[in-house]
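For reference, the chains in residue letters:
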Number of protein chains: 2
Amino acid sequence: MKKEIPYKIYLEEQEMPKAWYNVRADMKKKPAPLLNPETLKPITVKELSGIFCEELAKQELDDVTPYFDIPEEIRNFYRMYRPSPLVRAYCLEEKLETPAHIYYKFEGNNTSGSHKLNSAIAQAYYAKRQGLRGVTTETGAGQWGTALSMACAYLGLDCQVYMVKCSYEQKPFRREVMRTYGANVTPSPSMTTEVGRRINAQFPGTSGSLGCAISEAVEAAMGQEGYRYVLGSVLNQVLLHQSVIGLETKAALDKYGIKADTIIGCAGGGSNLGGLISPFAGQMLKGEADYEIIAVEPASCPSLTRGVYAYDFCDTGKVCPLSKMYTLGSSFIPSANHSGGLRYHGMSSTVSELYDQGLLIARSVEQTEVFKAAQMFAKVEGILPAPESSHAIKVAVDEALKCRETGEERTIVFGLTGTGYFDMVAYQKFNDGQMSDYIPTEEELEKSFAALPHIPV
Amino acid sequence: MKKEIPYKIYLEEQEMPKAWYNVRADMKKKPAPLLNPETLKPITVKELSGIFCEELAKQELDDVTPYFDIPEEIRNFYRMYRPSPLVRAYCLEEKLETPAHIYYKFEGNNTSGSHKLNSAIAQAYYAKRQGLRGVTTETGAGQWGTALSMACAYLGLDCQVYMVKCSYEQKPFRREVMRTYGANVTPSPSMTTEVGRRINAQFPGTSGSLGCAISEAVEAAMGQEGYRYVLGSVLNQVLLHQSVIGLETKAALDKYGIKADTIIGCAGGGSNLGGLISPFAGQMLKGEADYEIIAVEPASCPSLTRGVYAYDFCDTGKVCPLSKMYTLGSSFIPSANHSGGLRYHGMSSTVSELYDQGLLIARSVEQTEVFKAAQMFAKVEGILPAPESSHAIKVAVDEALKCRETGEERTIVFGLTGTGYFDMVAYQKFNDGQMSDYIPTEEELEKSFAALPHIPV
């Protein structure tokens, strides 16, 4: 018997997940192991513990344990902004005149403005528990850096952020949020690391890149006693922490007896998508239920729809472990697409393997269409979405319009990962009709694929 | 019997208020009537209906009806972002080592970033119902303009915003949010109105003022068929709509058997404060309960603590009705304090009268101290507060620290009206140690008081 469904489904605090779900445990064919870039052999917990703190290194490599208890301190932090609401998009449905039922899981109701906080607090917590003094990281668009700054401020941990120089200059407000939370924010490439000095000497006046910022953050962590490096996407540990999104979504749906048909998430490195779909993919793996899962990526950076499934470097500096994933090649330079959070050459190895096994499909969409959907959504649902999140909105709208044609009453659930307050430069371009689209050519991709490392799989 | 108190108290949708509360109905001595600026006689609904739409003119002048039903369409819109959470500030309490229990009503969880949406949707709704084509308004800091743009986009109403020119240029992102919602945003003074052209001719290169923007918005409304002017604070109708804040707060406290001792709100024009305290002040007026109510204003614009209680103009252009209120004089020019939402020379006539009757006390605080409290709050509670809201935080912290001294277990409730995402220029000044304070001199105030209109009361 269905209860009447409210606009927003909030779980009670006692209904919130007490453990994260590790979808790899239920995969018969596991994601390929990370490789040590020097030996090309599967990396060990001990080796990984030089970069990441120990518990996180363990989580990273564990593909058999289905559940990890969420420590009480992290659950207390989660309670400050979770449970996030599962919202019934009644107004969007009305606008689209669709028989579909549309729900979105809104992760933007916290100061970091996105889902990134779910993993930031976990990574900071384990660093603190290990007795570390601080962590280093890189940030591009700034969501991850903001989230990590908040988590570190809460735990009294030092936080050093290498921010891609062009973002540092173009997004001064993001920078100031991090500083307000006490983080040390350095434009990258900087003169504080060897790799930074080398790049500055080689390319005077460069505005930096994510690859360079990663290398600087890793060097900074290795060079300071009591520091480790942390990363906000791609990794298995991040997907594990982000499973809280999917677990809450599933609990909220179950509470009201709602069965999802289609689940949609935007996909950059895979942190939000992987977190959202984990428990649903787990059901599919166990033969308990069936869903249509759609990963949405920008046409300008189409790792799933046009990439190859191969071992590749996670960073441009080639210091991190090698990962088997759908990739455009680590030498691929994404165009200046405004969805900074989706400009990554590769995809989480777990999401990649699920995709390879046919558990999800992928679709790529162009930027201008994405912003049109974003604006319509903002007007009817009252939330100004982040450009990244709007990729999911665009496909949810497309699917709902299909239902209008067919008359099908499908239940569509999508992840609304964040808000667009710090993306108004992109919205301004859209409002002024000056937004452009970009699709990489076959030649570009071929060139980038040719530079992939040759690893016998 | 107390239920265990969660971090965040969310009312169920069926527990949300179905009527607004008009505190004037329970005041034995009513606020003084608005005066027609030409006749100096109490203004009539008919006269007011030339500026405001009819239903709102009625609400403005009605001081006997205690409850106004909230139309279903408005309640549906409220459901998109309400109920707002009443949050137990467990982490702040721990940080302050206080026996006090601190709660805050958080109104920042919507794209407008503040409580302004509560009245924006109401005003837009009545305009739509009257068959109007659109509304005009002014905005300074931008919260009100954003909220009105959202409400108008939802209802398909045209929205014309006159934005103080210096804000238009310094806060381009606010402007773009409004444009994304389809509003027409004009920097004021503009060349589109007579008063704008006159001021531009008189003061070439002027960066504008709120008073001028109001005059332009009123002129624009009067000069277009099917348009009316709307305002986001000061007015009785606005306090009526904002009573939803106080009603929800009271319902949430009652639900868990919590009795507030101290209620704190920041005070600019009085919209948030008046809305938050209405039901509590109503209880006091009826002798049902007693509270300590504290209005917090910036030391740079101290209308309650240093103003006089007299009839004054609401706008610099002197086109709006005269209101009896605590005022610094309409010729008082507040310093460039960053809390744009608190830079108003006067105070809601209802809040002024409650203050005059001793139902609330007022305190003024300096900006740098406010930002210190804001930063501490952000670090422990995870929300980056608006500078305006942070005035309430500062006094809540002071009160909680007093409890640490005395050992008293008081229950402190304050209004957290909004978020600070668009105020990062101010935070940057604070982070860089370049924030300054300003307190008007006695001479300045005397000069401004001398220019008050002479109205026999």
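The structure displayed is predicted, hence computed values, not measured ones. (Residues numbered from 1 in each chain as written. Chains lettered and ligands numbered in written order. Predicted model: local features only at pLDDT ≥ 70, side-chain atom pairs only at ≥ 80, totals over all residues. Heavy atoms only, no water.)

Draft legend 1. Main features of the nonpolar core. Ranked by internal contacts, the top residues of the largest apolar core, which has 287 residues, are A:W20, A:F414, B:W20 and B:F414. Among all residues touching B:F414, those that are not within four sequence positions of it are B:I102, B:Y103, B:Y104, B:K105, B:I264, B:L276, B:F377, B:A392, B:I393 and B:A396. (Core = buried A, V, L, I, M, F, W, Y, C linked by side-chain atoms within 4.5 Å. Buried < 20%, exposed > 50% of the residue type's maximum accessible area, 1.4 Å probe, protein only. Contact = heavy atoms within 4.5 Å.)

Draft legend 2. Focus on the relation of the copies chain B and chain A. For the match of chain B to chain A, the screw axis carries a shift of 0.0 Å, the RMSD comes to 0.0 Å, and the turn is 180°. What we have between these two chains is a two-fold relation. Of the C-alpha atoms belonging to chain B, the one lying closest to the rotation axis is found on B:N109, 3.2 Å away. Mapped onto chain A, 100% of the interface residues of chain B are again interface residues, and the two copies thus contact each other with one and the same surface. (Least-squares fit on C-alpha atoms with pLDDT ≥ 70 in both.)

Draft legend 3. Inspection of the pattern of salt bridges at higher detail. The final tally for this structure, using the stated rule, is 46 salt bridges over all chains. When the shortest N-O distance is used, the salt bridge between B:R179 and B:E176 registers 3.1 Å. With B:R179 and B:E176 both in helix α8 (residues 172–180) and three residues apart, the pair spans about one turn of that helix. A residue is classified by how much of its surface remains accessible, and B:E176, at 0% relative accessible area, is buried. In this structure, the salt-bridge partner of B:E399 is B:K402, at a minimum N-O distance of 2.8 Å. Linking B:E399 with B:K402, this pair stays in helix α16 (residues 387–406), spanning three residues, or about one helical turn. You can call B:E399 buried: its relative accessible area is 6%. Residue class for B:K402 comes out partly exposed when judged on its relative accessible area of 43%. Through salt bridges with shared partners, one network takes in A:R82, A:K105, A:E107 and A:E248. (Salt bridge = Lys/Arg side-chain N within 4 Å of Asp/Glu carboxyl O. Helix = DSSP H or I, 4+ residues; strand = E, 2+ residues; numbered from the N terminus.)

Draft legend 4. Just the sheet that holds strand β8 (residues 184–188) of chain B, in detail. Residue and element names in this part refer to chain B. Read from one edge of the open sheet, four strands run β8-β7-β6-β9, paired in parallel fashion. Strand pairing shows two members of the sheet lacking a second neighbour, β8 and β9 (227–229), which therefore form its edges. In this sheet, neighbouring strand axes are inclined to one another by 25° on average, regardless of whether the strands run parallel or antiparallel. Bridge analysis of strand β7 (residues 158–164) against β8 gives five bridges, and the strand direction is parallel. Within β8, the residue paired with V161 across the bridge is V185. Against the sheet, α8 touches β6 (134–139), β7 and β8, its axis set at about 170° to β7. (Pairing = 2+ DSSP bridges. Axes fitted to C-alpha atoms, helices over the stretch in contact; angles between N-to-C directions.)

Draft legend 5. Looking closely at the interface of chain B and chain A. Contacts between the two partners involve 43 residues from chain B and, on the opposite side, 43 residues from chain A. Taking both partners together, chain B and chain A bury about 4100 Å²; carbon and sulfur atoms supply 57% of that area. Considering only the side of chain B, the residues that lose the most area to chain A are B:F173, B:T180 and B:Y421, jointly responsible for 17% of the buried surface there. Where B:D432 meets A:R179, a salt bridge forms, and the shortest distance between an N and an O atom there is 2.8 Å. On inspection of chain B and its partner chain A, the count reaches 22 residue pairs in polar contact (both at pLDDT 80 or more). Counting residues per element, the ones that place at least two in the side of chain B that touches chain A are α3 (72–81), α6 (143–155), α8, α15 (367–381) and α17 (424–431) of chain B. (Buried area = accessible area lost by both parts, 1.4 Å probe. Polar contact = N/O pair within 3.5 Å; in protein donor to acceptor, adjacent residues only side chain to side chain.)

Draft legend 6. Region of the structure containing the pairing of strand β10 (residues 262–266) of chain A. All names here are of chain A. In terms of burial, β10 is largely enclosed, as five of its five residues are buried. Burial along β10 is two-sided: T262, I264 and C266 facing one way and I263 and G265 facing the other are all buried. For β10 and strand β11 (residues 292–298), the ladder comprises five bridges, and the chain directions are parallel. Note on β11: the bridge partner recorded for I264 is I294. After leaving β10, the chain enters helix α12 (residues 271–285) and then returns to the sheet as β11, a path that is right-handed. Two elements, β10 and strand β15 (residues 411–416), share three bridges in a ladder whose sense is parallel. (Right-handed = clockwise from strand over helix to strand, strands pointing away.)

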